[in-house]
Structures are given as structure tokens and as C-alpha cells.
Amino acid sequence: MKNEKKVFTLTYGCQMSERDAETITEIAGQAGYSRSEDLDTADLVIINTCCVRESAENKILGKIGELKKFKEKNPNLKIAISGCMVQQPGALERLKKRAPHVDIWAGTHNLHDFSSLLQRAERGTKVAEIWQEPKVNSESAPLAEQGKLQANVNIMYGCNNFCSYCIVPHVRGRERSRKPEEIINEIKDLVASGCREVTLLGQNVNSYGKEFLPSYDFADLLRDVDQIPHLLRIRFITSHPKDLSDKLIETVAKGDKLCEHFHLPIQSGSDLILQRMNRKYTREYYISRVREIRKLVPNASLTTDIIVGFPGESEEDFEQTLEIMRLIHYSQAFTFMFSKRSGTLAASMENQIPLDVKKRRLQRLMSVQNKESLDWRQGMIGKSYEVLVEGPSKTNPTRLTGRTRGNELVVFNGNSNLIGSLVNVRINEAGSWTLVGEIE
Ligand code: SF4
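Residues numbered from 1 in each chain as written. Predicted model: local features only at pLDDT ≥ 70, side-chain atom pairs only at ≥ 80, totals over all residues. Heavy atoms only, no water.

Description of the environment of Thr335
Then, number 1: Here Thr335 shows up in strand β14 (residues 332–337).
Then, number 2: Residue class for Thr335 comes out buried when judged on its relative accessible area of 18%.
Then, number 3: Placed 174 residues apart in sequence, Thr335 and Asn161 show a C-alpha to C-alpha distance of 20 Å. (Helix = DSSP H or I, 4+ residues; strand = E, 2+ residues; numbered from the N terminus. Buried < 20%, exposed > 50% of the residue type's maximum accessible area, 1.4 Å probe, protein only.)

Looking at the environment of Phe8
Then, number 1: Note on placement: Phe8 falls in strand β1 (residues 6–11).
Then, number 2: In this structure Phe8 comes out as buried when scored by relative accessible area, which is 12%.
Then, number 3: Here the alpha-carbon distance between Phe8 and Glu37, two residues 29 residues apart in the chain, equals 6.0 Å.
Then, number 4: Apart from the residues lying within four places of it in its own chain, the contact partners of Phe8 are Ser36, Glu37, Asp38, Leu39, Ala42, Leu44, Val45 and Ile46. (Contact = heavy atoms within 4.5 Å.)

Section: the site of the ligand
Then, number 1: Taken together, Cys159, Asn161, Phe162, Cys163, Tyr165, Cys166, Val168, Pro169, Gln203, His240 and Arg279 make up the full set of residues near the ligand.
Then, number 2: Split by residue class, the shell around the ligand holds seven nonpolar, three polar and one charged. (Near = heavy atom within 4 Å. Nonpolar A, V, L, I, M, F, W, Y, C, P; charged D, E, K, R; others polar.)

Thoughts on the sheet that holds strand β18 (residues 422–430)
Then, number 1: Spatially, the five strands close up into a barrel ordered β15-β16-β17-β19-β18, and their pairing is mixed. Taking each pair of neighbouring strands and ignoring which way they run, the sheet shows an average axis angle of 50°.
Then, number 2: Relative to β18, strand β15 (residues 384–392) runs antiparallel, the two sharing five bridges. Residue pairing across strands places Val387 opposite Val423, the latter belonging to β18. (Pairing = 2+ DSSP bridges. Axes fitted to C-alpha atoms, helices over the stretch in contact; angles between N-to-C directions.)

Observations concerning the pattern of salt bridges
Then, number 1: According to the stated counting rule, one finds 37 salt bridges in the structure shown.
Then, number 2: Here Arg223 ties to Asp224 by a salt bridge, and the two come within 3.4 Å at their closest N and O atoms.
Then, number 3: The partly exposed category is assigned to Arg223, whose relative accessible area is 40%.
Then, number 4: The salt bridge involving Arg283 is made with Glu323; its shortest N-O contact spans 2.7 Å. With Arg283 in helix α11 (residues 283–296) and Glu323 in helix α12 (residues 315–328), this residue pair connects regions lying 40 residues apart in the sequence.
Then, number 5: According to the relative accessible area criterion, Glu323 is partly exposed, its value standing at 45%.
Then, number 6: Salt bridges here are not isolated pairs; linked through shared partners, they connect Glu197, Arg233, Arg235, Glu260, Glu386 and Arg405. (Salt bridge = Lys/Arg side-chain N within 4 Å of Asp/Glu carboxyl O.)

Section: the packing of helix α7 (residues 180–192) against helix α8 (residues 218–225)
A pair of packed helices can be characterised by two numbers: the angle between their axes and the separation between those axes.
Then, number 1: Running from amino to carboxyl end, α7 crosses α8 at an angle of 30°, the nearest separation of the two axes being 11 Å. Relative to α8, the element α7 lies roughly parallel. Regarding α7 and α8, the two cross each other, and that crossing is right-handed. Residues Pro180, Ile183, Ile184 and Ile187 of α7 lie in contact with α8, whose contacting residues are Leu221, Asp224 and Val225.
Then, number 2: Residues of the contact of α7 with α8, tallied by class, amount to six nonpolar, no polar and one charged. (Parallel < 35°, antiparallel > 145°, perpendicular 65-115°, else oblique. Left-handed = near helix turned anticlockwise from the far one by under 90°.)

Quick word on the state of the cysteines
Covalently bonding the sulfur atom of one cysteine to the sulfur atom of another cysteine gives a disulfide.
Then, number 1: Scanning all chains against the criterion turns up zero disulfides.
Then, number 2: Here Cys195 is not disulfide-linked; the sulfur of Cys259 is the nearest cysteine sulfur, at 12 Å. (Disulfide = S-S within 2.5 Å.)

Observations concerning the packing of α12 against helix α13 (residues 355–378)
Then, number 1: Between α12 and α13, whose axes approach to 10 Å, the crossing angle comes to 15°. Between α12 and α13, the interaxial angle falls into the category roughly parallel. Seen from above, α12 lies across α13 with right-handed handedness. Facing α12, whose interface residues are Glu315, Phe318, Glu319, Thr321, Leu322, Met325 and Arg326, α13 presents Val357, Arg360, Arg361, Arg364, Leu365, Val368, Gln369 and Glu372.
Then, number 2: Residues belonging to the contact of α12 with α13 are distributed by class as follows: six nonpolar, two polar and seven charged.

A few points about the domain arrangement of the protein
Then, number 1: The assigned domain composition of the protein is domain 1 (5–133), domain 2 (144–259) and domain 3 (384–439).
Then, number 2: The straight-line distance from the C-alpha centre of domain 1 to that of domain 3 is 36 Å. (Domains from an automatic or database assignment.)

Regarding the side chain of Glu292
Then, number 1: Its place among the elements puts Glu292 in helix α11.
Then, number 2: Its relative accessible area of 15% is what places Glu292 among the buried residues.
Then, number 3: Excluding anything up to four places from it in sequence, Glu292 contacts Asp246 and Ile249.

Quick word on the nonpolar core
Then, number 1: Judged by nonpolar contacts, the single largest core of 54 residues is most densely connected at Ile187, Leu200 and Phe218.
Then, number 2: If near-sequence neighbours (up to four positions away) are discounted, Phe218 is found in contact with Ile155, Leu200, Val205, Asn206, Tyr208, Phe236 and Leu248.
Then, number 3: Of all hydrophobic cores here, the second largest spans 28 residues; its members include Ala56, Ile81, Cys84 and Met85. (Core = buried A, V, L, I, M, F, W, Y, C linked by side-chain atoms within 4.5 Å.)

As for helix α9 (residues 246–254)
Then, number 1: The set of residues buried in α9 consists of Leu248, Ile249, Thr251 and Val252. With its buried residues spanning 160° around the axis, α9 presents them on a single face. (Arc of directions from axis to C-beta.)

Here's the deal with helix α2 (residues 54–73)
Then, number 1: Between its terminal C-alpha atoms α2 stretches 30 Å, which fits the 28 Å expected from 20 residues at 1.5 Å a residue.
Then, number 2: Within the sequence span of α2, burial applies to Ala56, Glu57, Ile60, Leu61, Ile64, Leu67, Phe70 and Lys71. The buried residues of α2 occupy an angular sector of 155° when projected down its axis, which confines them to one face. Seen from the buried face of α2, the exposed residues on the opposite side, beyond 90 degrees, are Ser55, Lys59, Glu72 and Lys73.
Then, number 3: The secondary structure elements touched by the buried residues of α2 are β3 (44–49), β4 (78–83), α3 (84–87) and α4 (91–98). (Expected span 1.5 Å × (residues − 1).)

Have a look at this one:
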């Protein structure tokens, strides 16, 4: 069948959202659409959405609005909007009213049903369908683009933690882990198609397998994935500090392919705010986990997520956050201003912080982290690190780029036939975000 039709996919949000966009695009591929980077000539446009912050949602709504003129130019164009923003309780009717030019509305639980939604839309029907709960086996065997050097692999879906600021449990449902053999087979297929690095994905990978009997937890899965031949590297995201076990840290310490990088969102350095966030750990407990990592995996790099301006956050609470950043020395931190999400507990909390205060605190936080990131990378100068060569540098295509096991980005000279292989790079220069080195 001649593959005339083209699909253009745009995704917003986290790695899980990117992974979902991958699945939907692959399903469109099986329906005869080839991938295109050109919106103007697309026959199908897919936008996979995010609603973790108001700013993300406003950006997406603007993009959906823009598509109206493309539809006017090409009335046969099909527009599909999917993901967390659509899955939000009470959002679908509001969105349909706002964007009648959209042909398909789908949530987070019915991605695998996209082919039937697409067929109905191709027959001219406007389709709007979200499932309140995932259906059994509706999430098995996710499709992924073959032949890529790096791939994201879902190991579980949903979250049971209900942090008071977070919309995720409301749009992705309760935690459910994929069967280990399914995950391992998916990775073996990816490796057979040329993949050499996988990132295991979950809202809270540390609680993987909690529902399994006999017990088989995340550390067990990592140990088994570490045995897969020809795979070079394993990463995972996101870890919840309350479920970070000694067993998991020991497994990373012993694993050949398990990269020594922990993304461990702390969110705040103040116990009072951690409690209001319903994070279920204290500052001291978090520090004790970091100490255990530093003891068992001395060269590990730590990154984190931090929210400033959470309702009720005093200057003193904020100072405690800055203090813990200076104590832990993160190699990188993703920093955000608190954003009210309707349907979450924090949205209706008292003592909402004014925007100018949030902005001022975010500035201070970023300047503290910029210094920490620079210090961390300057500490790498003169040392050698194993780097997986990913491809040409985005800023200077005559050079190559790749990441250390600690997930630090490195730029260096080298022949493109090194792409996909591990090399040792000696670091000569360091910026806050990028390192420059030479292959040894
Ligand atoms: S752990 Fe908390 S912040 Fe992370 S997805 Fe779950 S509810 Fe949201």
C-alpha cells in the first residue's frame, strides 16, 4: 500500500508523555501515515498534551487554536488532541466547545485504541473518547520507533502518592506495573534494532512491582535488565525519595550498565512545606537517603525538582530550600514556581504566594543552582569519563556529543563512526551545563 499520508506529531510534558506520543504515532504509522516534520503538508496532526502547570496548558491551547487556519487551508486535515490535558476531570466538554475544529479527543488510558478512533475520524465522524480507568491489557506491548540509539520504556503507569499540588494521579490513574517479561522482551527487541541505552519510565519507578506476588521489585527488574546482552546503558526516572531502598541503591552500585545518576525530586527543603505537599518524607530522611547514595555510589550525580512559592511558604521555609541545595550539591535542578491545578488540594489552600514573590524566589534558586552546577562540572576537569556517543553536537555539528554515566553533557572532536559506542573522554573545560573534552 503506497504510504501517501503524513503525520505530524507534537508532544508536551514529561518523558511519559513523549513515550505516549511515540505509541500514537506508531499506531498512525500502521494505519498508513508516514512521519513528517512539516506541519504544512501533514494529513494528520497529533498533539499529545500536558497539564502539569498552567503555563504548559495555555501554550497548548494557543497551538490548538493556531491549527484552525491549517484546517481552513486543508479541510481534509485530521487533528487529534490526546493526553493529560484532555483526561483532566471535566476538561473534555470545555475543550470541545473551545476547539470545534478538532476531529479526535483522546485521554491517557485509551492511547492503544487510537487506530479505531482514527478510522472513525477518517470516515468524517468527530470522535471524543476518554476512559476513566485503563482497561485490562490496554497498555501492553507499547509500540516504539525501531532503530534509535536511545529509547524510553514504560515500566509502570499512574501514581498513588497524591502530592497535594499534583494533577498526575487525577489524569493517569492508580499505579500498575507492567509484567517484567514484557518489559525485558520490549528492551531485547529495541536492542536488536540498534538501541544501546534505555530509560525506564514511571511516575515513581521505586514502587514498581508493589502489587506482585511473589515479590519482585524495581531493584529485581534493574538486575535482570542489566543482564541483557549488547545493551550498554540503563537509566530510570522518576524516583520518589520515600521508596528509595538500600537494595535499590546497592543494585545501582553493583550494576555494570546501571548509570550512577539519581533523579530524586525533593520539591522543598522545609518540613512544614513537605508536609503540606503530602510528600511523605522529612528533610532529614531525604538527607539520609542522599548520604546512603554517597556512601554506596560515591561518584553518583544527583538531580532534583524543586517548587518555589508553595502556599504558605515563608522566607524561612525558602531559605531552608536554598540551604539544602548547598548541602547536597545537585549536578542539576529543575526549578518551577507553584502553579495552581484545579482538582488538586493545594489549589484551594490558603496563603497563596503572590507572583512577584514567586518570581524573586525562583531567580534566587536558579542562581544558587547555576553556581552548584558549575562547581560540580568544574570538579570534573582533568578527569576521564565514559561517554556514550550520541551524535553531532547541536551547537557545532563538526563536533560530537554524548553523556557521561552521570548524565552530564559532553562535547568533543571525533569521527562520526563512533556514534553508538562508548569512549573515554578527558574533560578540559566546564560550563554550568556543558563540558568540553577530548577522546583518550
Ligand atoms: S509522586 Fe507526587 S509529584 Fe510525582 S507524579 Fe505522583 S503525585 Fe505527582
